[in-house]
Amino acid sequence: MNRPDGKSLVLALLCGLQFSCGVLWAGDWKQFRGNEANSVASGESLPTELSGSTIAWKAALPGRGVSGPVIVDGRVFVSASSGYTQNRLHVISIDAESGMQLWQRQFHATGRTQTHEKMANATPTMASDGQRVFAFFSSNDLFCLDLKGRLLWYRGLGREFPNASNSLGMSSSPIVVGETVVVQVESDAEAFACGVDVASGETRWQIQRPRAANWTSPALIPGRGGRAALVLLQSSKGLTAVYPESGKVAWEFDKGASTIPSATVSAGTVYVPSNGLTALKPGADSVEQLWNSGNISPATSSPVVAGNLALVLNSSGVLNAASLETGERVWQLRLRGTFSGTPIYARDHLYLVNEAGVAFVVKPEADKGTIVSELDLGETILCSPGASNGGLFIRSDSNLIKLAAPK
Amino acid sequence: MVGSGGGRANVFRTALLLAAILAVVHVGDVLAAKKKERPDAITEAVGILQSAKVAGQGSRENQRALVALTGSGERALLPILEGFEKATPEGLNWLRNAFEQIADAQRASRKALPAKALRAFILDTANSADARRLAFDTLAADDQTLFDELIPGMLNDPSPEFRRDAVQRLLQQATTAEGSAATELYRQALSGAVHEDQVKTIAEALRKAGETVDISRHFGFVSSWKIVGPFDNREEKGWAVAYQPEAEIVQERVNPDAEYDGMNGKVRWQAIETTDDFGVVDIAKQIENFKGSAMYAVAEWSSPSQQSLQIRLGTPNAWKLWVNGALAFEREEYHRSTQLDQYSVTVQLKPGVNVLAFKICQNEQTQDWAQKYQFQLRVCDATGVGVLPGPVVVRNGVSQKTALNKGGAE
């Protein structure tokens, strides 16, 4: 019997570690910007040479949406809204392999459905805990279904809090941590965040939030090394870290933050769009600012950490790379068009799609970024994509598209 | 003796048997009656979902009811649709999910839907508009002819979605017609249209053909107001201040001749009329864009009876709405766009003259896009059909006395 070599042992150990952590394992993409809400598709191997042949399938959707796809157990879930007043809310389940629709459920909004024409009622991305899916809409209707489309509970938060709306639309995506789904519902007229029990739909906690329009989504500091997970709630006032099961505040950063792109977390450091980009090192009950870079301003897309770089798309479609250690800009790469969605980083490559539907694969290196390939999908694309089992899932105004290496 | 004794015994046994039979029959009746009293499983489950509560309360009971309904299959489809009528808004979504699951299961097992019964349900306009539309969408997914069969008769349907489809069909016909035939089709379409885009298209075509179209009247916009201001709203602090007109509005004692202390001096109520197609009262243009100010506007709306209607309004400014002195809704949001029917408030109107009062606040933002100071307000039914005020209430030849109208000989 051959003795296992050192390389195999390390691989086996790493695999075991990944398996035990669960969320690090490739496969599912459970919420906006991925399982850890940081836009990193760990372990995913996506096609780098995009072409017509990498379009595995396109599935027609019953309505518009800015929401991105989530993928659970080989099934893609995506929301859509339709109707003259956008009052029809759709939740669609599609087989990730074949692109065949498994089921579609339709509900009616009970909150305000008005949005800016670029947005849609279906702007927040769905979330999942692996057994259930949570669909949230601009109208603040929150649905929980099982993976077969059975309604498990429903909250009409727009009806419960009729002033918590924005005539331009609401976009904050929910985040699931343990037994709690956290939603941020913040507008000029009324603002709150709440933790909802994943099983019953009842409110576990609710906290007042700064009364101001806010389109950001909660970010996550995963619970590791004996430390509890924290959910980061961003607003124009700054960043508030709360315990997901209680809503109790762990720490606050009060130097202001953007109300569109959201914070991201990598290796315990928080990168928040604040006065450009600011890096924060959280402690147990306080937070320390590591650096601030005023010349790197994320526009709509949230920052992504790739290796030793913080990558930020500005309003001119220029990709800026900053050093994670100092925040200094180290290179820029001009892409075409403007971007609404946040890119995905998978295996040394960044995947970006502009609003005109052109997908780019960029290889970010220490001193430069290079466009590896691009593909014009020819459809308006505003969502943040999802990644699962070698497939990149992109939602356009009318289709769900899977890009994968040709078989 | 034995014989006679045996005969008595036989009679006794027969009596016992009869008594037993009667007892069994009676128990059967009681059980049957009890069974009759108890709602069947479908009715019970529909009742549970129909009354689904807010805040996620009772979701486990709802889940069980949902399973019971979906397990009942096709038999539950019509009771579910009938349940829409008295359902809470939460209940509507639970019932919808039950219906869709059953319909999906029917299709998956290649079983036909009860098309005849569903079609009858759709055609009965007394049924819930949402339920009728759900039934229609479900049948239409498998029956391409349904649209052409049913939609033409739905121009004045209580469902805005059915109306929209019927209007769209007429507009398509009008684009291929010419002259008076096209005009007639546009006129027909206008009679059912409740959505802004369709009304605009129709009005443009009719006006081009030389026809008169009163869009404001069509939608039920309130175009005549009395307005007073400006009052101080610098730093947005006037939002929470009940200036004297507001106190009078709440007390239902608005004095149209009163003079108040405004932010720039004495102010009085002034009549303002809008001729805008969509009822926009443009304070910035028709009066002045007083930065950091608040204005009050009141209008009378005569209702022939007590009725529940909707007030739909649009404004980019912060606002409060009172109906007959009672606050109907308020919203402190500035410059997040405006559009027709931006807000919808269901109100109860009393017979006679109702006073609609509006507080509108402008802030001090300096951006180009933050200079609008305007509102539009209409009265309509739940379908969105404009409702005009009823005839002026007359008592003994004298119009009803109101705060704004002191009455006079008709």
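Residues numbered from 1 in each chain as written. Chains lettered and ligands numbered in written order. Predicted model: local features only at pLDDT ≥ 70, side-chain atom pairs only at ≥ 80, totals over all residues. Heavy atoms only, no water.

Draft legend 1. Main features of the interface of chain B and chain A. Each partner contributes residues to the interface: chain B has 37 residues there, and chain A has 38 residues. Note on chain B versus chain A: buried area summed over both sides is about 3,200 Å², and carbon and sulfur give 44% of it. Area buried by chain B at its contact with chain A is led by B:Asn93, B:Arg331 and B:Arg336, which between them contribute 18% of it. For the interface between chain B and chain A, the tally reads six salt bridges. The closest approach of N and O atoms between A:Arg88 and B:Glu161, which form a salt bridge, is 2.8 Å. On inspection of chain B and its partner chain A, the count reaches 23 residue pairs in polar contact (both at pLDDT 80 or more). Among the secondary structure elements, those contributing two or more residues to the side of chain B that touches chain A are helix H3 (59-72), helix H5 (89-108), helix H7 (129-140), helix H9 (160-176), helix H11 (196-208) and strand S9 (326-331) of chain B. Per-element accounting of the side of chain B that touches chain A gives the leading share, nine residues, to H5(B). The residue makeup of the side of chain B that touches chain A, split by class, is eight nonpolar, twelve polar and 17 charged. (Contact = heavy atoms within 4.5 Å. Buried area = accessible area lost by both parts, 1.4 Å probe. Salt bridge = Lys/Arg side-chain N within 4 Å of Asp/Glu carboxyl O. Polar contact = N/O pair within 3.5 Å; in protein donor to acceptor, adjacent residues only side chain to side chain. Helix = DSSP H or I, 4+ residues; strand = E, 2+ residues; numbered from the N terminus. Nonpolar A, V, L, I, M, F, W, Y, C, P; charged D, E, K, R; others polar.)

Draft legend 2. Examining unusual backbone geometry more closely. The omega torsion of the bond from B:Gly229 to B:Pro230 falls at 5 degrees, within 30 degrees of zero and hence cis. In this structure, B:Pro230 sits in strand S1 (residues 224-232). Unlike most non-glycine residues, A:Ser39 shows phi in positive territory, near 70 degrees. Examined against the element boundaries, A:Ser39 turns out to sit in the loop between helix H1 (6-21) and strand S1 (55-60). Overall, the relative accessible area of 1% leaves A:Ser39 in the buried class. Its identity as a non-glycine residue notwithstanding, A:Gln86 has a phi of 60 degrees, on the positive side. Here A:Gln86 lies in the loop between strand S3 (75-82) and strand S4 (88-95). (Buried < 20%, exposed > 50% of the residue type's maximum accessible area, 1.4 Å probe, protein only.)

Draft legend 3. The arrangement of the packing of helix H2 (residues 41-50) of chain B against H3(B) in detail. All names here are of chain B. Taken N-terminus to C-terminus, the directions of H2 and H3 make an angle of 140 degrees; their axes are 9 Å apart at the nearest point. Here H2 lies oblique to H3, going by the angle between them. Between H2 and H3 lies a crossing whose hand is left-handed. Across from Ile42, Ala45, Val46, Ile48 and Leu49 in H2, the residues of H3 making contact are Glu61, Asn62, Ala65, Leu66, Ala68, Leu69 and Ser72. (Axes fitted to C-alpha atoms, helices over the stretch in contact; angles between N-to-C directions. Parallel < 35°, antiparallel > 145°, perpendicular 65-115°, else oblique. Left-handed = near helix turned anticlockwise from the far one by under 90°.)

Draft legend 4. Expanded view of the domain arrangement of chain B. Looking at chain B, the domain boundaries give domain 1 (42-143), domain 2 (160-213) and domain 3 (219-395). For domain 1 of chain B versus domain 2 of chain B, the separation of C-alpha centres amounts to 34 Å. (Domains from an automatic or database assignment.)

Draft legend 5. The arrangement of the packing of aromatic side chains in detail. One pass over the full model with this rule turns up 22 aromatic pairs over all chains. Measuring from centroid to centroid gives 5.9 Å for A:Phe134 and A:Trp153, while their planes differ by 40 degrees, and the two rings are tilted. Here A:Phe134 is found in strand S7 (residues 132-136), whereas its partner A:Trp153 is found in strand S9 (residues 151-156), with 19 residues between them in sequence. This pair shows no difference in class: A:Phe134 is buried, exactly as A:Trp153 is. Judged by centre distance (5.1 Å) and plane angle (25 degrees), the ring pair of B:Phe231 and B:Tyr243 falls under stacked. With B:Phe231 in strand S1 and B:Tyr243 in the loop between S1 and helix H13 (244-250), this pair connects stretches of sequence that are twelve residues apart. The class of B:Phe231 is buried, set by a relative accessible area of 1%. An aromatic cluster of three or more residues is present, and its members are B:Trp225, B:Trp319, B:Phe329, B:Tyr343, B:Phe358 and B:Phe375. Over the ring of B:Phe278 we find B:Lys200, and its NZ or CZ is 5.3 Å from the ring centre. Over the ring of B:Trp239 we find B:Lys320; its NZ or CZ atom is 4.6 Å from the centre of that ring. (Phe/Tyr/Trp six-rings, centres within 6.5 Å; stacked < 30°, edge-to-face > 60°. Lys NZ or Arg CZ within 6 Å of the ring centre and 35° of its normal.)

Draft legend 6. Inspection of the sheet that holds strand S5 (residues 101-108) of chain A at higher detail. Residues and elements named next belong to chain A. Ordered in space as S2-S3-S4-S5, the four strands form an open sheet in which the pairing is antiparallel. Strands at the two margins of the open sheet, each flanked by one partner only, are strand S2 (70-72) and S5. Neighbouring strand axes in the sheet, compared pairwise and without regard to direction, differ in orientation by 25 degrees on average. Relative to S4, S3 runs antiparallel, the two being bridged by eight bridges. The residue bridging Ser79 from the neighbouring strand is Val91, located in S4. (Pairing = 2+ DSSP bridges.)

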